[in-house]
Amino acid sequence: MDFLQQNLYSWETIVSTALHQLGADKRGPPSSIVFEPPGRVGTTRTLPEFNMAYQCQIPIDSPKNLLDIIYGFLRGAARSTDKGWGTSIYGSVNRDDAFWFFTHAYDLGAEKFFFWDSHRLACVPYDDCLAVTRNLRNHINHYPRRDSAKLKHAAEVAILLPAGYNLGHVHLGRGNLWGLGELNLERLNQKGVKYRTVMHNFFTEIERCIRMGIAFDLLWDIESFNPSGYREIVRVHEDGKVEVKTNGQSAIHQGARIPARPRGDAPQIAVEITSSGKAPLEITAQARLTEGSSLIYYTPGSNAKGVYINTKVLWELYGPQDEDYQTLSHAFNKVDIKDDGDQSLVEVKFKIEQPGKYRLRAAACDMAGRTTVVWKEITIN
């Protein structure tokens, strides 16, 4: 039994909880935490959603930017508890990212590598298992010597998120904290600050490290837990302020520190809504997009044929009650897209079942992470 307890793994879709799952007090099992990908996670889906939901500007052209965020939670927890970490692949993970999932985890010090082999889209085809494993073995042969202790302590900066905040569970990157409409980002926390503001500060500090090339760990700010050994500790508070501790000296900022960003124009969006009658009724929303300095790109995942479609706009509907929040952009919604040079017309149709006041949020992100958001109010009698 002792052997089994010492070798139990915690499988986590909810990566922000990694420190809690491994035990911030360092006692008892599990011995490692392994990332369990939430659905169709992928660079060109998840990073644009981070930008559009949290209003940061993380470049979306590199899987490193996505995986450093996910693995930042795992490595930070493993470092703080002196335990191990690893990653796994679902069949629905973006195929372009699958090889990176393993090789980049190895480079960061991961020790556990798994595939899912059952349940519909979770299943990784055997040929893919062989291809990814052979690629990892080839990578290990080229870089055979790792100093695991140094890799676990490679981060210079620790960024702390208030305990209880999450990245969306299986809806990783979209506009709620735990996959629950009740916890959408427009809700106010106990300090009277929107969840979106807290997450914006957290992800903007992440963006700052990415743009400066600084290795970072991510941790829940658990009471009585004090991270150590970092050059800088950044605490994101629920009141919207950010505390930065360097060399024993603390400074309070009114919000996240905005990093230097590339110059250029963000996308432009103009939204029109048409509807008639009383609830339940069908709503048609049209977004006219004009590209700025870079290509607009966002895919909610592959369709039934495995093809990734650039749907360009993330549509979200808020109201009439908090729990009624829903994401209208996903791989199975019918989205009509017409392109004409640097302009596009994107149309989505959805039904509203009950009367009340709603707010439609349309967002677009370009390859550099520049994001534009438009809100439209809808009142149904």
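Owing to the predicted nature of the structure, the values given are computational and were not obtained by experimental measurement.

How each quantity is defined
- Residues numbered from 1 in each chain as written.
- Predicted model: local features only at pLDDT ≥ 70, side-chain atom pairs only at ≥ 80, totals over all residues.
- Heavy atoms only, no water.
- Helix = DSSP H or I, 4+ residues; strand = E, 2+ residues; numbered from the N terminus.
- Buried < 20%, exposed > 50% of the residue type's maximum accessible area, 1.4 Å probe, protein only.
- Contact = heavy atoms within 4.5 Å.
- Lys, Arg positive; Asp, Glu negative; His and termini not counted.
- Charge placed at Lys NZ, Arg CZ, Asp CG, Glu CD.
- Axes fitted to C-alpha atoms, helices over the stretch in contact; angles between N-to-C directions.
- Left-handed = near helix turned anticlockwise from the far one by under 90°.
- Nonpolar A, V, L, I, M, F, W, Y, C, P; charged D, E, K, R; others polar.
- Pairing = 2+ DSSP bridges.
- Phe/Tyr/Trp six-rings, centres within 6.5 Å; stacked < 30°, edge-to-face > 60°.
- Lys NZ or Arg CZ within 6 Å of the ring centre and 35° of its normal.
- pLDDT = per-residue confidence, 0-100.
- Polar contact = N/O pair within 3.5 Å; in protein donor to acceptor, adjacent residues only side chain to side chain.
- Parallel < 35°, antiparallel > 145°, perpendicular 65-115°, else oblique.

K.L.:
Tell me about the overall build of the protein, and please be specific about residues and values.
P.N.:
Assigned secondary structure in the protein consists of eight helices and 17 strands. Across its three principal directions, the C-alpha atoms of the protein cover 65 × 50 × 45 Å. Within the span of the protein, comprising 381 residues, buried residues form 54% of the whole. Taking the contacts inside the protein whose residues are at least 6 apart along the sequence as the reference set, 68% of them involve residues at least 24 apart. Seen as two clouds, the 44 positive and the 44 negative side-chain charges of the protein have centres 2 Å apart.

K.L.:
Summarise the environment of Ala362; cite the residues concerned and give the values.
P.N.:
If you trace the backbone, Ala362 turns up in strand 16 (residues 356-365). Distance in space between the C-alpha atoms of Ala362 and Leu177 is 19 Å, their sequence separation being 185 residues.

K.L.:
Kindly report on the packing of helix 5 (residues 95-108) against helix 6 (residues 126-142), identifying the contributing residues and their values.
P.N.:
At their nearest, the axes of helix 5 and helix 6 sit 10 Å apart, and the two run at 35° to each other. Our pair here, helix 5 against helix 6, has a crossing hand that is right-handed. Listed contacts from helix 6 to Arg95, Ala98, Phe99, Phe102, Thr103, Tyr106 and Asp107 of helix 5 are Asp128, Ala131, Val132, Asn135, Leu136, His139 and Ile140. Considered class by class, the residues forming the contact of helix 5 with helix 6 number eight nonpolar, three polar and three charged.

K.L.:
Could you give an account of the sheet that holds strand 13 (residues 326-327), naming the residues involved and the relevant values?
P.N.:
As summarised here, the arrangement of the four strands in space is 13-12-16-17, forming an open sheet in which the pairing is antiparallel. Across the chains shown, the open sheet's two edge strands, defined by having one partner strand only, are strand 13 and strand 17 (371-380). Note: strand 12 (residues 314-318) against strand 13, two bridges, orientation antiparallel. Counted as the bridge partner of Leu317 is Gln326 from strand 13. Strand contacts of helix 3 (residues 43-54): strand 12, strand 16 and strand 17, with the helix running at about 130° to strand 16, the strand carrying the most contacts.

K.L.:
Can you lay out the pairing of strand 17 for me, pointing to particular residues and giving the numbers?
P.N.:
Relative to strand 17, strand 16 is paired through 10 bridges, and the arrangement is antiparallel. Looking across to strand 17, one finds that Gly356 is bridged to Ile380. Between the antiparallel neighbours strand 16 and strand 17 lie five residues, among them Gly369 with a positive phi of about 95°.

K.L.:
Lay out the packing of aromatic side chains with the relevant residues and their values.
P.N.:
Applying the stated criterion to the full structure yields 13 aromatic pairs. Measuring from ring centre to ring centre gives 5.2 Å for Phe102 and Phe113, while their planes differ by 65°; the resulting arrangement is edge-to-face. Remark: Phe113 occurs in strand 4 (residues 112-115) and Phe102 occurs in helix 5; sequence separation between them is 11 residues. Ring geometry for Phe102 and Phe115: centres 5.1 Å apart, planes at 50°, overall tilted. In this pair, Phe102 is assigned in helix 5 and Phe115 in strand 4, connecting sequence segments 13 residues apart. Residue Phe115 is classed as partly exposed on the basis of its relative accessible area, which comes to 25%. Ring pairs connect the aromatic residues Phe50, Tyr54, Phe73, Phe202 and Phe203, which therefore count as one cluster. A cation sits over an aromatic face here: Arg79 above Tyr230, 3.7 Å from the ring centre. Here Arg359 stacks its cationic end above the ring of Trp375, 4.0 Å away from the centre of that ring.

K.L.:
Describe the confidence of the model for the protein, listing the residues and the values that go with them.
P.N.:
Residues at a pLDDT of 70 or more form 95% of the protein, whose mean pLDDT is 90. Within the model, pLDDT remains below 50 along residues 1-6, and this stretch shows two contacts once partners closer than five positions in the same chain are excluded.

K.L.:
If you had to explain the side chain of Thr17 to someone new, which residues and values would you point to?
P.N.:
In this structure, Thr17 sits in the loop between strand 1 (9-12) and helix 2 (18-22). Within the structure, Thr17 has its side chain in polar contact with the backbone oxygen of Ile14 (distance 2.7 Å).

K.L.:
Would you mind going over the sheet that holds strand 15 (residues 343-352) in detail, with residue names and values included?
P.N.:
On the basis of which strands lie adjacent, the open sheet formed by four strands has the order 10-11-15-14 and antiparallel pairing. Two strands lie at the open edges of the sheet, namely strand 10 (268-274) and strand 14 (335-340), each paired on one side alone. Across the sheet, the axes of successive neighbouring strands diverge by a mean angle of 15°, strand direction being ignored. Alignment of strand 14 against strand 15, held across six bridges, turns out to be antiparallel.

K.L.:
Can you break down unusual backbone geometry residue by residue, with the values?
P.N.:
The peptide bond linking Gly319 to Pro320 adopts the cis configuration, its omega dihedral lying at 5°. Mapping Pro320 onto the fold places it in the loop between strand 12 and strand 13. Of note in the backbone geometry, Gln55 takes a positive phi value of approximately 60° without being a glycine. Along the chain, Gln55 turns up in the loop between helix 3 and helix 4 (63-81). Of note in the backbone geometry, Asn247 takes a positive phi value of approximately 50° without being a glycine. Within the element layout of this structure, Asn247 appears in the loop between strand 8 (242-246) and strand 9 (249-253).

K.L.:
Just give me the short version of the packing of helix 3 against helix 8 (residues 195-212), but keep the residues and values in it.
P.N.:
Orientation of helix 3 relative to helix 8, taken along the N-to-C sense of each, is 130°, at an axis distance of 9 Å. As the angle between them shows, helix 3 and helix 8 are arranged oblique. Seen from helix 3, the contacting residues are Phe50, Met52, Ala53 and Tyr54; seen from helix 8, they are Arg196, Met199, His200 and Phe203. Across the contact of helix 3 with helix 8, the residue classes break down as six nonpolar, one polar and one charged.

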